[in-house]
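# Residue-level structure breakdown
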Amino acid sequence: MIGFLISVVVLAVSLLIISKLPTGVEVDNPWIALIAGAIIGAFSGVWGLFPNWFRAANAIFSLGLIPLIGSIIVFGLAAWLVEGFRLRWGIGSAIIGAIALSIVNSILWFILRSVGVVA
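Residues numbered from 1 in each chain as written. Predicted model: local features only at pLDDT ≥ 70, side-chain atom pairs only at ≥ 80, totals over all residues. Heavy atoms only, no water.

Right, let's get into the nonpolar core. Most often, soluble globular proteins have nonpolar side chains that are buried together. Core analysis: the largest hydrophobic core is formed by 28 residues, its most contacted members being Leu 15, Val 25, Ile 40, Phe 75, Phe 85 and Leu 101. For this core, the secondary-structure elements that each account for two or more residues are helix H1 (2-20), strand S1 (25-27), helix H2 (30-47), helix H4 (65-81), strand S2 (85-87) and helix H5 (91-115). If one sorts the elements of this core by residue count, H5 sits on top with seven residues. Setting aside anything within four residues of it in sequence, one finds Leu 101 in contact with Leu 11, Ser 14, Leu 15, Ile 18, Ile 40 and Phe 75. (Core = buried A, V, L, I, M, F, W, Y, C linked by side-chain atoms within 4.5 Å. Buried < 20%, exposed > 50% of the residue type's maximum accessible area, 1.4 Å probe, protein only. Helix = DSSP H or I, 4+ residues; strand = E, 2+ residues; numbered from the N terminus. Contact = heavy atoms within 4.5 Å.)

Below, the structure written as structure tokens:
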């Protein structure tokens with residue numbers, strides 16, 4: 001449970017950072033970012049229910065396209081569900097936002113692991 005909460009906070013910080021970049025992603029306030037982070041984390045966790053061999057095979061055979069499309073769908077679904085989390089350019093913002101979210105999120109997790117906050 002603590003891992004999910006840390007993940008939600010990291011996703012919320014990532015969304016706040018992305019909203020300051022010219023990606024077309026708009027977040028009204030940090031509470032909205034926390035709610036959107038929880039939704040993105042929960043929907044992304046569904047992908048984790050599949051076995052590792054299945055996820056790896058999909059990523060390899062599709063050259064990463066299936067996980068990318070999944071991330072775009074989750075990003076757009078979170079924007080549709082949370083009022084105050086908007087995609088200014090529609091699907092274009094969802095694509096750019098999902099890619100930016102994965103990059104910023106990876107950087108934040110790397111920093112947290114380097115500092116020793118998470119294992």
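Alright, that's what it looks like, and here's the rest.
As a further point, take the side chain of Asn 58. In this structure, Asn 58 sits in helix H3 (residues 52-61). Using a relative accessible area of 18% as the deciding quantity, one classes Asn 58 as buried.

The next thing to look at is the environment of Val 115. Here Val 115 is to be found in helix H5. As a C-alpha pair, Val 115 and Phe 4 span 111 residues in sequence and 19 Å in three-dimensional space.

Here H4 contains 17 residues, and its C-alpha end-to-end distance of 24 Å stays within 8% of the 24 Å for a straight helix at 1.5 Å per residue. Turning to H4, its buried residues are Ile 72, Val 74, Phe 75, Ala 78 and Ala 79. Burial along H4 is one-sided: seen end-on, the buried residues are contained in an arc of 165 degrees. Residues Ile 73 and Trp 80 are exposed on H4 and point more than 90 degrees away from its buried face. (Expected span 1.5 Å × (residues − 1). Arc of directions from axis to C-beta.)

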